[in-house]
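Structure at a glance
What follows is each chain in one-letter form.
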Amino acid sequence: MTANIDGTTSAKFASIKDEFARNFAERGEVGASVCISVNGETVVDLWGGIADPATDTPWERDTISIVFSCTKAATALCAHILVDRGLLKLHAPVSEYWPEFAKNGKETTTVQMMLNHESAVPAFRDPVKPGGFLDWDYMIKRLEDEEAFWEPGTRNGYHMVNFGWTVGELVRRVSGKSLGQFFQDEVAEPLGADFWIGLPEDVSRPIAPIIVATPDPKAELSPFTKKLLTDPNSIQALSFLNNGGWNQNDPVAHKAEIGGAGGLANARGQVAMYEPLALGGSHKGVTLVSPERLTSMAQVSTATQVDATLLAPTRFASGFMKSMDNRAYPGGDQMSAVLGNAAFGHVGAGGSIGFADPDYGLAFSYTMNQMGMGLLLNDRGQSLIDETYRLLRT
């Protein structure tokens, strides 16, 4: 596919546009955006392709889309802001802030465990009611009543969508604001970022519908996908499929605060959030966190050879993903995101990503509407990241 690409690049980063164009010509891209900032200067801001194939609507400068689990980074950031202010303690029991959660084997859960995907509620055993993901209070009650899948803190298992309610409810209880409102007030609005956890009625942006990936029958399946397809009672199937019929393209769903997977943004919006995190915690007069908190946020806080949900090696930094190179494993090209050693951020299902790398003063984001296979990166996003690091190292 040949696509119209708009936007700008600096001279040094001109080859990013070539790689972006290759995504459309060779890798099945439909519509997408990529933005890169280095030391607070935007060096790449590109968008192109088709936002909605049904109407042939082009991807415009302000087009946004669901960025799935990239939203987790925004949710985690809200928690860290409260930690930095002394209002939320990482190693305190969750019961100190949310006593109703501390039952059914979850009594020992700490705030850090929730950020680490160790709080043992990655899924729900019983069916989520139709539209349940859009009902915050209902999801919180379900989490309170759910029995732990393992002893909290003894292992980690990716909390695919539930992360947004576990960590998000802590933000709500400590701040007195909903997760989406806190994020807008403390992060997105001060930074001028087009990024929402729950789209307000008075905000109008063109939204690119998500296009589900078409499976390649010749592709090697990851252990996660095999389990998902063969065991309906597994954590893999329950966490992915037991969602109350959540339709990511439903305008009603766009208004819901789904902090684990429902955020709406474009690459420029995500980069605006990550710029302060690439530059010591502050940028353009906005301080998100102190340098000390930022240092802690970027460090690996949990790692495992076999994540209880993803069934692959994972590395997390208190709510953020670190570099995960699983390409040597079966289906590992669907379970990898290869970044710099200091980088931290989050991938979204199908291939979107946002991250900061303080070693280079780098804030990077790529968003798209055509999902790829797997829950982490694919060759479109990874190629842009690889080229970015190549240019930074020359």
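Please read these numbers as outputs of a predicted model, since none were measured by experiment.

Once that is clear, we can look at the overall build of the protein. In terms of helices and strands, the protein carries 12 helices and 15 strands. Since a compact globule built from 394 residues should have a radius of gyration of about 21 Å, the 19 Å found for the protein is in line with a globular shape. Projected onto the principal axes, the alpha-carbon positions of the protein cover approximately 55 × 50 × 45 Å. Counting over 394 residues, the protein shows a buried share of 61%. If you take every contact in the protein between residues at least 6 apart in sequence, the share linking residues at least 24 apart comes to 69%.

Examined against the element boundaries, T302 turns out to sit in strand β10 (residues 302–304). With a relative accessible area of 9%, T302 lands in the buried category. At 2.8 Å, the side chain of T302 and the side chain of E118 are in polar contact. Once residues lying within four places of it in the same chain are set aside, the contact partners of T302 are N116, E118, N156, T314, R315 and F316.

A few words on the packing of helix α2 (residues 70–84) against helix α10 (residues 267–278). Contact geometry of α2 with α10 gives a least axis separation of 12 Å together with a crossing angle of 45°. With respect to their mutual orientation, α2 and α10 come out oblique. Considering only the axes of α2 and α10, their crossing is left-handed. Residue-level contacts link C70, A73, A74 and L77 of α2 to Q270, M273, Y274 and L277 of α10. Among the residues forming the contact of α2 with α10, the class breakdown is seven nonpolar, one polar and no charged.

With that out of the way, let us pick up helix α12 (residues 379–392). Across its 14 residues, α12 extends 20 Å between first and last C-alpha, which sits within 8% of the 20 Å expected from 1.5 Å per residue. The element α12 is largely enclosed, with a buried count of 11 among its 14 residues. Among the residues of α12, those classed as buried are R380, G381, Q382, S383, L384, I385, E387, T388, Y389, L391 and L392. Tucked inside the fold, the buried residues of α12 contact α1 (15–26), β2 (31–38), β14 (352–357) and β15 (362–368). The opening residue of α12 is N378, an N-cap whose side-chain oxygen sits 3.1 Å from the backbone nitrogen of R380.

A word on the layout of surface pockets. The space that makes up the largest pocket amounts to roughly 800 Å³. Forming the boundary of the largest pocket are 35 residues, of which V212, L228, F240, M371 and L375 lie nearest the centre. Of all the secondary structure elements, the ones that give two or more residues to the lining of the largest pocket are α7 (223–230) and α8 (235–241). Sorting elements by how many residues they give to the lining of the largest pocket places α7 first, with four residues. Among the residues making up the lining of the largest pocket, the classes are represented as 24 nonpolar, 10 polar and one charged. Each pocket or cavity is described by its volume, and for the second largest pocket that value is around 390 Å³.

This brings us to the nonpolar core. Ranked by size, the top nonpolar core spans 123 residues in total, and within it L77, L277 and F364 carry the most contacts. Sort the elements by how many residues they give to this core and α2 lands first, with 10 residues. When sequence neighbours within four positions are dropped, the list of residues in contact with L277 reads L77, L288, V289, L294, M297, F344, A356 and P358. A148, W150, I235 and A308 belong to the second-largest nonpolar core, a separate cluster that totals five residues.

For the rest of this paragraph, the subject is the packing of aromatic side chains. For the structure shown, the criterion picks out 12 aromatic pairs. Both rings, one in W98 and one in F101, keep their centres 4.9 Å apart while their planes meet at 45°; by these two values the pair is tilted. Exposure remark for W98: the relative accessible area of 0% places this residue in the buried category. Under the relative-accessibility criterion, F101 is labelled buried at 1%.

Quick look at the state of the cysteines now. In this structure the tally under the stated criterion is zero disulfides. Looking at the unpaired C35, the closest cysteine sulfur is the one in C70, lying at 14 Å. Looking at the unpaired C78, the closest cysteine sulfur is the one in C70, lying at 15 Å.

Another aspect to go through is the sheet that holds strand β7 (residues 264–265). Taken together, three strands build an open sheet; the order of strands is β5-β7-β6 and the sheet is antiparallel. This sheet does not close on itself; its edge strands, each paired only once, are β5 (65–66) and β6 (195–196). Bridge count between β6 and β7: two bridges; the pairing is antiparallel. Directly across from F195, in β7, lies its bridge partner A265.

If you roll a probe as big as a water molecule over the atoms, it shows you where there is empty space left. The tally for this structure, following the rule as stated, stands at two cavities of 30 Å³ or more. Size it by volume and the largest cavity reaches roughly 50 Å³. Lining the largest cavity, in full, are P122, A123, F124, F133, M160, V161, N162, L238, S239 and N242. Residue composition of the lining of the largest cavity, by class: seven nonpolar, three polar and no charged. Each pocket or cavity is described by its volume, and for the second largest cavity that value is around 40 Å³. Together, S33, V34, C35, D45, L46, W47, W59, E60, R61, N266, A267 and R268 line the second largest cavity. Listed by contribution, the elements that provide at least two residues to the lining of the second largest cavity are β2, β3 (41–52) and α10. Its residues assigned to classes, the lining of the second largest cavity shows six nonpolar, two polar and four charged.

About the criteria used
- Residues numbered from 1 in each chain as written.
- Predicted model: local features only at pLDDT ≥ 70, side-chain atom pairs only at ≥ 80, totals over all residues.
- Heavy atoms only, no water.
- Helix = DSSP H or I, 4+ residues; strand = E, 2+ residues; numbered from the N terminus.
- Rg over C-alpha atoms; globule rule 2.2 N^0.38 Å.
- Buried < 20%, exposed > 50% of the residue type's maximum accessible area, 1.4 Å probe, protein only.
- Contact = heavy atoms within 4.5 Å.
- Polar contact = N/O pair within 3.5 Å; in protein donor to acceptor, adjacent residues only side chain to side chain.
- Axes fitted to C-alpha atoms, helices over the stretch in contact; angles between N-to-C directions.
- Parallel < 35°, antiparallel > 145°, perpendicular 65-115°, else oblique.
- Left-handed = near helix turned anticlockwise from the far one by under 90°.
- Nonpolar A, V, L, I, M, F, W, Y, C, P; charged D, E, K, R; others polar.
- Expected span 1.5 Å × (residues − 1).
- 1 Å grid on protein atoms, 1.4 Å probe; cavity = no way out; pocket = protein on both sides within 12 Å on 5 of 7 lines; lining within 4 Å.
- Points joined across faces, edges and corners; volume = space filled by probe spheres on them.
- Core = buried A, V, L, I, M, F, W, Y, C linked by side-chain atoms within 4.5 Å.
- Phe/Tyr/Trp six-rings, centres within 6.5 Å; stacked < 30°, edge-to-face > 60°.
- Disulfide = S-S within 2.5 Å.
- Pairing = 2+ DSSP bridges.

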